[in-house]
Amino acid sequence: MSSLNHLFARWQIRALLVAGQRQAALDRLDGLLQANAADVYALATRAHVLAELGDKDGALRALQRQVAAQPAAAPGWFNLGFLSEEMGLLEQAEAAFRRATDIDPQLDRAWYGLALSLIRQRRFDEAVVALRRNTELQPMSPYGWYQLARVHVDRQEPEEAAKIIRHLRGFEPKVAAQLERETGLGSSQA
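Remember, predicted model here, so these are calculated numbers, not experimental data.

Procedures and definitions
- Residues numbered from 1 in each chain as written.
- Predicted model: local features only at pLDDT ≥ 70, side-chain atom pairs only at ≥ 80, totals over all residues.
- Heavy atoms only, no water.
- Core = buried A, V, L, I, M, F, W, Y, C linked by side-chain atoms within 4.5 Å.
- Buried < 20%, exposed > 50% of the residue type's maximum accessible area, 1.4 Å probe, protein only.
- Contact = heavy atoms within 4.5 Å.
- Axes fitted to C-alpha atoms, helices over the stretch in contact; angles between N-to-C directions.
- Helix = DSSP H or I, 4+ residues; strand = E, 2+ residues; numbered from the N terminus.
- Parallel < 35°, antiparallel > 145°, perpendicular 65-115°, else oblique.
- Nonpolar A, V, L, I, M, F, W, Y, C, P; charged D, E, K, R; others polar.
- Phe/Tyr/Trp six-rings, centres within 6.5 Å; stacked < 30°, edge-to-face > 60°.
- Lys NZ or Arg CZ within 6 Å of the ring centre and 35° of its normal.
- Salt bridge = Lys/Arg side-chain N within 4 Å of Asp/Glu carboxyl O.

**Brief notes about the nonpolar core**
Membership of the largest hydrophobic core comes to 53 residues, with the highest contact counts inside it found for L29, L32, L80, A100, V151, L168 and L179. What V151 contacts, discounting residues up to four positions off in sequence, is I119, F124, A127, V128 and L131.

Below, the structure is given as structure tokens:
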């Protein structure tokens, strides 16, 4: 397929998706993949559409093909980790997130995803390391801080959780209040 035809096919796929015609978009994506089984755009888009349609197994297979076709691209590994974690495939999620952070140590959302997969495996010490990296990269995002406080509570370290609550009060008071309610670490402790 010529590059001009490929660009036109991609434009058609985007138009079909905007119009809500997911099955027609999938058919067009299959055409791209018949021409080039390792077309990263087609594999990533196919995975996204299949996930939207509820076919997580199909989406997972497309993402696995994508990372095989482009193993040095952190976003593909991140997406594979995200979907794997969502499906409860925690060891696969962990491996994918670790690969993403190896490729791009600045990919904050991969550190966060890694932490979530470790938390679900109750590997709190490792989750703390990943969350600390996430909060270094995204210091104003409450998500990593929230999870870090929760992990400290799970590790029986209320004083560390209280420090995070105090920190969050400075820029996310609603999240700080939510943590106080959930952990029982009220204003007097935090």
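Alright, that's what it looks like, and here's the rest.
**Let's talk about the packing of helix α1 (residues 3-18) against helix α3 (residues 40-52)**
The N-to-C vectors of α1 and α3 enclose an angle of 10°; their axes lie 12 Å apart at closest approach. The angle between the axes of α1 and α3 places the two elements in the roughly parallel class. The residues of α3 that touch α1, namely those facing R10, I13, R14 and L17, are Y41, T45 and V49. Residues of the contact of α1 with α3, tallied by class, amount to four nonpolar, one polar and two charged.

**Re the packing of aromatic side chains**
Remark: the centre distance and the inter-plane angle together describe each pair of aromatic rings, the angle taken between the planes. Here the structure, examined in full by the defined rule, presents three aromatic pairs. By the ring-pair criterion, three or more aromatic residues cluster together here, those being F78, F82 and F97. Above the ring of Y41, the side-chain terminus of R10 is found at 4.0 Å from the ring centroid. Sitting above the plane of the F78 ring, R109 keeps its charged end 4.8 Å from the centroid.

**With respect to the pattern of salt bridges**
Taken as a whole, this structure holds 14 salt bridges when the rule is applied. Salt-bridge contacts for E94 lead to R123; the nearest nitrogen and oxygen are separated by 2.6 Å. Of the two residues, E94 sits in helix α6 (residues 90-103) while R123 sits in the loop between α7 (108-120) and α8 (124-137), which places them 29 residues apart along the sequence. In this structure E94 comes out as buried when scored by relative accessible area, which is 10%. E126 is the partner of R98 in a salt bridge, and the nearest nitrogen-oxygen pair spans 3.1 Å. Within this pair, whereas R98 is found in helix α6, its partner E126 is found in helix α8, the two being separated by 28 residues in sequence.

All quantities given are derived from atomic positions and should not be read as evidence of function.
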